[in-house]
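In case you want the letters, here they are:
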Amino acid sequence: MISVVVPVMNEEENIASLLAEIATAAETLPISEIIYVDDGSTDATLFTLQSLKQHYKSLRVVQHDKRSGQSAAMWAGVKAAGNDLIATLDGDGQNNPADIRLLYDVYEKYKKSNPKMMVVGQREKRNDNLGRRLASRFANKLRASILKDGTRDTGCSLKLFRRKDYLSLPYFNHMHRFLPALMMREGVQLKHVDVSHRSRQHGVSKYGNFSRAVVGITDLIGVWWLQSRPYTHPTIIE
């Protein structure tokens, strides 16, 4: 079964419509749990989520009392999940929940040969302003050239992976931007799938191009360092 994890911060206007789309996707997919993580919102995000729980029995809400960042919210959601398979997507409505089907079909096709797998969504056509597209293109090319993870668009939040593989990763702030490389380090096979990307209908992005670039350089160096020291799981003898 699949748990869908959605980190949100001040997305009150996007919750109801996106949640309805996830519920629709669940009609033809083995999605039994939808976990929203409210990352210290200051608007009516938490109230909206709590009020919708009576309409969606599969909805669970995890709350941070203060803003901790997308990586922390994702980690909290995955840790709280009750299923072995996790699908993640952004809470701004730009990822289409119907595309979870594309990722799941790939996982089902290859899981017998290697269940230790992550299916990575990559936006076929990005519907953002020119500045965000250019900044993302530069960052992705730089990251891919250094980390060699074969991923064109690591910023796409639509991903499918096993819970235990994710929780075996070293946790740090902003780690969500480097999941393919981190998973590869743990011996997880990557599969890439083109997915759709929609324009934001409500609210504004919580991330600036410059601020992301500054922290991204430091994190990139750190992940590169981790890759140079691959972790080998010890054999436990009882």
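So, here is what we can say about the structure in this document. Every residue gets a number counted from 1 within its own chain, in the order that chain's sequence is written. It should be noted that, the model being predicted, local features are given only for residues of pLDDT at least 70 and side-chain atom pairs only at 80 or more, the latter also being counted only at that level, while totals for whole chains, interfaces and linings use all residues. Calculated side-chain values reflect all of the structure's heavy atoms, with hydrogen atoms and water omitted.

With that settled, the discussion passes to the packing of aromatic side chains. Pairing of aromatic rings covers Phe, Tyr and Trp, the last through its six-membered ring, and needs centres within 6.5 Å; plane angles under 30 degrees mean stacked, over 60 mean edge-to-face, and all others mean tilted. Summed over the entire model, instances satisfying the criterion amount to three aromatic pairs. Consider the rings of W75 and Y166, whose centres lie 5.2 Å apart with planes at 45°: the pair is tilted. Taken together, the residues W75 in helix α3 (residues 70-80) and Y166 in helix α6 (residues 163-167) connect sequence positions 91 residues apart. When accessible area is computed with a 1.4 Å probe and restricted to protein chains, residues below 20% of their type maximum are described as buried, those above 50% as exposed, and intermediate ones as partly exposed. Classification of Y166 by relative accessible area gives buried; the value is 0%. Members of the aromatic cluster, connected to one another through ring pairs, are W75, F161, Y166 and Y171. Here, a charge over a ring is recorded when the distance from Lys NZ or Arg CZ to the ring centre is within 6 Å and its angle to the ring normal is within 35 degrees. Seen from the ring of Y110, K191 lies directly overhead, with NZ or CZ sitting 3.9 Å from the centre. Put simply, DSSP marks the helices as runs of H or I at least four residues long and the strands as runs of E at least two long, and each gets a number from the N terminus on.

Here strand β6 (residues 159-162) shows two buried faces, one formed by K159 and F161 and the other by L160 and R162. By the bridge criterion, four bridges tie strand β4 (residues 85-88) to β6 in an arrangement that is antiparallel. When the bridges of β6 are listed, I86 appears paired with F161. Two strands are counted as paired when DSSP detects at least two bridges linking them.

Attention now moves to the pattern of salt bridges. Every case where a carboxyl oxygen of Asp or Glu lies within 4 Å of a side-chain nitrogen of Lys or Arg is listed as a salt bridge. A full pass over the atoms with the stated rule returns 10 salt bridges. Salt-bridge contacts for D92 lead to R200; the nearest nitrogen and oxygen are separated by 3.6 Å. Here R200 lies in the loop between β7 (189-195) and α8 (209-227) and D92 lies in the loop between β4 and α4 (100-110), a separation of 108 residues in the sequence. Between R123 and D153 there is a salt bridge, with the nearest N and O atoms lying 2.7 Å from each other. Highlighted residues: R123 in strand β5 (residues 117-123) and D153 in the loop between α5 (130-147) and β6, separated in sequence by 30 residues. Here R123 and D153 have matching classes, each one buried. Taken together, the shared-partner salt bridges in this structure form one network comprising E11, D92 and R200.

To continue, consider unusual backbone geometry. For N10, which is not glycine, the phi dihedral falls at a positive 55°. With respect to the element layout, N10 can be found in the loop between β1 (2-8) and α1 (12-25). Here N10 falls in the partly exposed class, since its relative accessible area comes to 22%. Even without being glycine, H174 reaches a positive phi, approximately 75°. Mapped onto the elements, H174 comes out in the loop between α6 and α7 (179-185).

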